[in-house]
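Descriptive structure summary
The lines below spell out each chain.
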Amino acid sequence: MGEEAVMLSRELVEKDRNLYLSTLAASLHQLAVHLNRVGRSQEAVKIGEEDVGLRRELVEHDRLTYLPKLGNSLHQLAMDLHIIGRTQEAVKLEEEAVAILRELVELDPQYASNLTQSLTELERYLPKLEQHEESRKVEEELSGIRQRLAQYLDRR
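Residues numbered from 1 in each chain as written. Predicted model: local features only at pLDDT ≥ 70, side-chain atom pairs only at ≥ 80, totals over all residues. Heavy atoms only, no water.

Here we come to the overall build of the chain. Secondary structure assignment for the chain yields seven helices and zero strands. Reading the secondary structure of the chain in the N-to-C direction produces α-α-α-α-α-α-α. The C-alpha atoms of the chain give 17 Å as radius of gyration, which agrees with the globular expectation for 156 residues (15 Å, within 12%). Expressed as lengths along the three principal axes of its C-alpha atoms, the size of the chain is roughly 50 × 35 × 25 Å. (Helix = DSSP H or I, 4+ residues; strand = E, 2+ residues; numbered from the N terminus. Rg over C-alpha atoms; globule rule 2.2 N^0.38 Å.)

Structure below.
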């Protein structure tokens, strides 16, 4: 089903790239998630790389609209890369996702949970590359976010 959605989205992009590019990116993202879930991580990486490329293109045209989706796609691709043993590349992409999500949290705190997810994955990856000091810094940032979230929830 996901592959059919991608195929149809590609056909639509051929007819009107500007109108349907975000649809194709969304279809690719969903297919990458599905492929990951069924253990087809190599394929998920290939699809995820195309998704990220399209998301970058969309961000160039409308940064605020598409930046959150780029952050999500980078996070997904990083997880897929890590699964197939390309942890160094995963760290680079997850760091980019974290930078995007930090920016988004400043604009809208609703992105804090996404930021927490990306930081948690980054914290998992860094020790595998012997980057223990960086992992500790990420752990401290996560702790601070969790404390602020708990305080916020207590006030409600």
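Quick look at the environment of Val 38 now. Here Val 38 is to be found in the loop between helix H2 (17–37) and helix H3 (41–61). Each C-alpha atom, one on Val 38 and one on Ser 118, is 22 Å from the other, the two residues being 80 residues apart in sequence.

Relative to the assigned elements, Arg 55 resides in helix H3. Along the primary structure Arg 55 and Leu 81 are separated by 26 residues, whereas in three dimensions their C-alpha atoms are 18 Å apart. With residues near it in sequence (within four places) discarded, Arg 55 still touches Ala 25, Ala 26, His 29, Lys 69, Leu 70 and Ser 73. A polar contact of 3.4 Å, which involves the side chain of Arg 55, links it to the backbone oxygen of Ala 25. (Contact = heavy atoms within 4.5 Å. Polar contact = N/O pair within 3.5 Å; in protein donor to acceptor, adjacent residues only side chain to side chain.)

A few words now on the side chain of Asp 51. Following the sequence through the fold, Asp 51 ends up in helix H3. When its relative accessible area of 2% is taken as the criterion, Asp 51 is described as buried. Reaching out from Asp 51, the side chain makes a polar contact with the side chain of Ser 73 at a distance of 2.7 Å. Setting aside its immediate chain neighbours within four residues, Asp 51 contacts Ala 25, Leu 28, His 29 and Ser 73. (Buried < 20%, exposed > 50% of the residue type's maximum accessible area, 1.4 Å probe, protein only.)

As a packed pair, helix H6 (residues 112–125) and helix H7 (residues 132–155) sit with axes 9 Å apart at the nearest point and diverge in direction by 155°. Classified by the angle between their axes, H6 and H7 sit roughly antiparallel to one another. In this structure, the crossing between H6 and H7 has a hand that is left-handed. On H7, the residues touching Leu 115, Thr 116, Leu 119, Thr 120, Leu 122 and Glu 123 of H6 are Ser 135, Val 138, Glu 139, Glu 141, Leu 142, Ile 145 and Arg 146. (Axes fitted to C-alpha atoms, helices over the stretch in contact; angles between N-to-C directions. Parallel < 35°, antiparallel > 145°, perpendicular 65-115°, else oblique. Left-handed = near helix turned anticlockwise from the far one by under 90°.)

This brings us to the pattern of salt bridges. Enumeration according to the criterion identifies 14 salt bridges in this entry. Here Arg 40 makes a salt bridge to Glu 3, at a shortest N to O gap of 3.4 Å. Of this pair, Arg 40 sits in the loop between H2 and H3 while Glu 3 is found in helix H1 (residues 2–15), placing the two residues 37 residues apart along the sequence. A salt bridge links Glu 140 to Arg 136; its shortest N-O distance comes to 2.1 Å. (Salt bridge = Lys/Arg side-chain N within 4 Å of Asp/Glu carboxyl O.)

Before going further, it helps to examine H1. For an α-helix the count is 3.6 residues per turn, leaving residues at separations of three or four pointing the same way. For H1, spanning 14 residues, the distance from its first C-alpha to its last is 20 Å, which sits close to the expected 20 Å at 1.5 Å a residue. Taken together, the buried residues of H1 touch H2. (Expected span 1.5 Å × (residues − 1).)

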